[in-house]
Amino acid sequence: MVVRSCRRAAFAALALSQLMLAGCSEEPASAVAVPAEPAKVWSTKDLFASDAAWGEEYQALEAMIPKLATAKGTLGKDAATLLAFLDARSLVLKRGARLTIYANLISDENISNAANLERKQKAQTLLTKFNEATSWMQPEILALGAETIARFEAEAPKLKDVHGFMLADTLRAAPHTLSPDEENLIAMFGDVFAQPGNVYRILANSELPFPTVTLSDGKPVRLDQAAYSRLRALPDRADRKRVFDGFWSMWKSYQNTLGANLAAYVIRNVTMARARHFPNALSAALFGDNMPEAVYRQLVAQVNAGLPTLHRYLRLRKRLLGITDDMGYYDIYPPMFKNDKAFPLKESMDLTLAAVQPLGLEYVEALTNGFSAEWQHVFPQEGKASGAYMSGGAYDVHPYVLLNHNDDYDSLSTLAHEWGHAIHSVFSNKYQPFEKSDYSTFTAETAAITNEILLQDYLYKNATTREDKLFYLGEALETLRGTFFRQVMFAEFQANLHDAVEKGEQLSGEKMTAIYCDLLKRYHGEKEGVMKIDPTYCAEWTFVPHFYYGFYVYQYATSMTGAAYFAEQISQKGEPAAQNYLNLLKAGGSDFPYELYKRAGLDMASSEPYQALLRRMNTIMDEMEMLLAEQPSQPAEAPAPSGQ
């Protein structure tokens, strides 16, 4: 590797080698700079001037929603009638999204404030009223049929231009839509179907008897989930083993209870897929995005073929941690390298701007404009919601970003990630009508992770010491392990459970542990002598809440795969590849994500995108091996970020 010096949650959504040379420009792509003192708190006045103004809008929407129900039975009258209804529905959705986002943002500023919570609940109640008022729409459109819809679109071109994608998507569901009585019967079981997830959450978050262990310093520690996440990376290896032994022994003692619970959820999915005439539960889960099952299967196959790359990383990790006996599962979390460098807000913004220079002037200016405005709530404060997110559903306004910035590397990476989401929304809202602006998770995470990859590469190229370079490479490797390999292991486990039920096999907690143990050993190379898996840790599946979210986790891996592919293309081909990537962001939700990717030159059902990610991971390890062979370096003068 050549080293050069030079990281939609609204009303509308609820209603339903060169790999690391994605280089820096010698000159910044934008002359606009981030203010010396960036805004640290968002302005909700861009949504509503006051709580009173929000209340007035709530009352207006509350009056508009019942009028939507009066159109029932009229959509087949003519094209003008259908268009008028869909336009009215879109207006309510758009204004409702703005209303909901305001309530959510205000509430997240202080989640303990009762008035804020009540406002948020009112917005949720409005959503329920909207769903009730329009529940007849899909069956009525299906009853019209494709021929009538095509004729109406010819008579009123706006129907196709603005609402065509939604209409086609609705008609696509015809083979899987049951009679009104059958649909009503299924709807009646909604609360029943939700119980496995509810049971898991109650057990995991409040009722399980979390154990207490005594660490090497003599202090007892209660191992709840937060403590486990913190202590699993302890530097003392014996302490890590104590944490793992205590935590997973407790979970394993509940494997039969949690196995029966998860089996009920899997059986529900299989039963519903059969009732709706899908070939299997996976096809049913992928139907919403019109995602070919081949994408899921190809992802799993390519990750299994790429396990030698993961095993190479684990061997490298073992060496760096100084482990001389068998590597254990409790050795995957401690950092390989330390870095105490601070990344204050202004520097984090400047570094992110410098990192995304390869994406071109339009992207850099959009990000600079966002950084320069009151779009984000940056620092932790008492009562503020934890974590980070981007809310981009306020179509006529702008995205909002919640951070809890702590001036560390994770905060820098999170800032780059969430602002990747934000600029995706900026472009989608700018280039698509409201009706086609709501994009899929499948593309959303690629927009965020591409920023993370560009940032990792920029930081590495501009690092002034061997130790800093090793730290950035190590962080990149661990992200690939956790987001690509680990999530696909979860995805394969989910597929195996559903496949077993579809074959008529019975599932128990013990059987689930055996299935998961086989995966854990294969992914972590026990047969190859890479890692020894303690059977107790094979109960890890009992701990993972995502198994109650449908076939969801695979999208983390596909998004990282897409990001690695686009970063590679941009580094090799420059501006044409960057424009191709931006076109994907600008397309928003105008088509299904698989088709949008193909339009950008990426077939996620083929092997090539996954090979790009594996090449990236091996390239990182090649460079790390070379650096490890060098003597520790002395700090040199750091070059200024090219985005300043």
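My aim in this report is to walk through the structure given alongside it, one point at a time. A quick note: this is a predicted structure, and the numbers were derived from the prediction, not measured. Within each chain, residues carry numbers counting from 1 in the order of the written sequence. Local features in a predicted model are, by the rule used here, given only for residues with pLDDT of at least 70; side-chain atom pairs are given and counted only at 80 or more, and totals for whole chains, interfaces and linings are based on all residues. Side-chain metrics in this entry use all non-hydrogen atoms of the structure; hydrogen atoms and water are not considered.

## Focus: the overall build of the protein chain
And step 1. Each helix is a run of DSSP H or I of at least 4 residues and each strand a run of E of at least 2, with the numbering of both proceeding from the N terminus. Counting its secondary structure elements, the protein chain contains 25 helices and five strands.
And step 2. Here the radius of gyration uses the C-alpha set of atoms, whereas the globule reference equals 2.2 Å times the residue count to the power 0.38. Scaling as 2.2 N^0.38, a compact globule of 644 residues should have a C-alpha radius of gyration of about 26 Å, and the protein chain matches this with 26 Å.
And step 3. Dimensions of the protein chain, computed from C-alpha atoms along their principal axes, come out at roughly 80 × 65 × 50 Å.
And step 4. Remark: exposure states derive from per-residue accessible area (1.4 Å probe, protein chains only) relative to the maximum for the residue type, with buried under 20%, exposed over 50%, and partly exposed in between. Burial analysis of the protein chain (644 residues in total) assigns 55% to the buried set.
And step 5. Distance between charge centres in the protein chain, computed from 62 positive and 77 negative side chains, equals 2 Å. When charges are tallied, Lys and Arg are placed among the positive residues and Asp and Glu among the negative ones, while His and the ends of the chain are skipped. Positions of charges follow a simple convention, taking NZ of Lys, CZ of Arg, CG of Asp or CD of Glu.

## Here we look at the side chain of T309
And step 1. If you trace the backbone, T309 turns up in helix 15 (residues 307-321).
And step 2. On the basis of relative accessibility, which here comes to 8%, the residue T309 falls in the buried class.
And step 3. Residue contacts follow a heavy-atom distance rule, with two residues in contact if any of their heavy atoms lie within 4.5 Å. When sequence neighbours within four positions are dropped, the list of residues in contact with T309 reads L614, M617, N618 and M621.

## Things to note about the nonpolar core
And step 1. Only buried Ala, Val, Leu, Ile, Met, Phe, Trp, Tyr and Cys residues count toward a nonpolar core, and they belong to the same one when joined by side-chain atoms within 4.5 Å. W251, L262, F484 and F493 are the most contacted members of the largest nonpolar core, which has 161 residues in total.
And step 2. Residue contributions to this core peak at 18 residues, all from helix 20 (residues 466-502).
And step 3. The contact partners of F484, leaving out residues within four places of it in the chain, are L299, V303, T479, A557, M560, T561, Y610, L613 and L614.
And step 4. Membership of the second largest hydrophobic core comes to 44 residues, among which are L93, I106, A394 and Y395.

## Topic: the pattern of salt bridges
And step 1. By convention in these notes, a salt bridge is any Lys or Arg side-chain nitrogen within 4 Å of a carboxyl oxygen on Asp or Glu. All chains considered together, the criterion is met by 33 salt bridges.
And step 2. Note that K129 and E62 form a salt bridge whose closest N and O atoms lie 2.7 Å from each other. Taken together, the positions of K129 in helix 4 (residues 114-134) and E62 in helix 2 (residues 51-69) put the pair 67 residues apart, joining distant regions of the chain.
And step 3. Overall, the relative accessible area of 32% leaves K129 in the partly exposed class.
And step 4. For the salt bridge of R615 with E608, the shortest nitrogen-to-oxygen distance reads 2.9 Å.
And step 5. Within this structure, R237, R240, D325 and D331 form a network of salt bridges that share partners.

## Points about the sheet that holds strand 4 (residues 389-391)
And step 1. Two strands are said to pair when DSSP picks up at least two bridges between them. Read from one edge to the other, the open sheet built from three strands follows the order 3-5-4, with strand pairing classed as mixed. Since the sheet does not close on itself, it has two edges, and those belong to strand 3 (376-377) and strand 4, each with one partner.
And step 2. With three bridges joining them, strand 4 and strand 5 (residues 400-402) adopt antiparallel strand pairing. Bridge pairing links Y389 to L402 in strand 5.
And step 3. The convention used is that axes are lines fitted to C-alpha atoms, helices contributing only their stretch in contact, and that angles between N-to-C directions extend from 0 to 180 degrees. Set on the sheet, helix 3 (residues 79-109) makes contact with strand 3, strand 4 and strand 5; between it and strand 4 the angle comes to about 150°.
And step 4. Relative to the sheet, helix 18 (residues 409-431) contacts strand 3, strand 4 and strand 5, its axis offset from that of strand 4 by approximately 15°.

## Details of a nonpolar patch on the surface
And step 1. Candidates for patches are residues over 30% relative accessible area with no salt bridge; among them, like charges are joined within 9 Å and nonpolar side chains (Val, Leu, Ile, Met, Phe, Trp, Tyr) within 5 Å. Here, Shrake-Rupley sampling with a 1.4 Å probe gives the accessible areas, and only protein chains in the shown set may cover a residue. On the surface, a cluster of nonpolar side chains totalling about 400 Å² of accessible area is made up of L185, M188, F189 and V192.
And step 2. Position of L185 relative to the elements: it lies in helix 7 (residues 180-188).
And step 3. Relative accessible area serves as the criterion here: at 46%, L185 is assigned to the partly exposed category.

## Topic: unusual backbone geometry
And step 1. Although it is not a glycine, N290 sits at a positive phi angle of roughly 55°.
And step 2. As for its position among the elements, N290 is in the loop between helix 13 (281-286) and helix 14 (293-305).
And step 3. Under the relative-accessibility criterion, N290 is labelled partly exposed at 33%.
And step 4. A positive phi angle, near 65°, is found at D407, a position not held by glycine.
And step 5. Along the chain, the position of D407 falls in the loop between strand 5 and helix 18.

## So, the state of the cysteines
And step 1. In this description, a disulfide is simply a cysteine sulfur pair whose atoms lie within 2.5 Å. Counting across every chain of the model gives one disulfide.
And step 2. Between the sulfur atoms of C517 and its disulfide mate C538 the distance is 2.0 Å. The chirality of the disulfide connecting C517 with C538 is right-handed, given an S-S dihedral of about 40°. Here C517, found in helix 21 (residues 509-523), pairs with C538, found in the loop between helix 21 and helix 22 (554-573); they are 21 residues apart in sequence, far enough to count as distant.

## Examining helix 17 (residues 361-372)
And step 1. Given the number of residues in a helix, its expected span is that number minus one, multiplied by 1.5 Å. Compared with the 16 Å implied by 1.5 Å per residue over twelve residues, the 16 Å span of helix 17 between its first and last C-alpha is a close match.
And step 2. Within the span of helix 17, buried status applies to Y363, V364, A366, L367, T368, G370 and F371.
And step 3. Contacts from the buried residues of helix 17 go to helix 16 (345-355), helix 18, helix 19 (441-462) and helix 23 (575-586).

These figures capture arrangement, not role.
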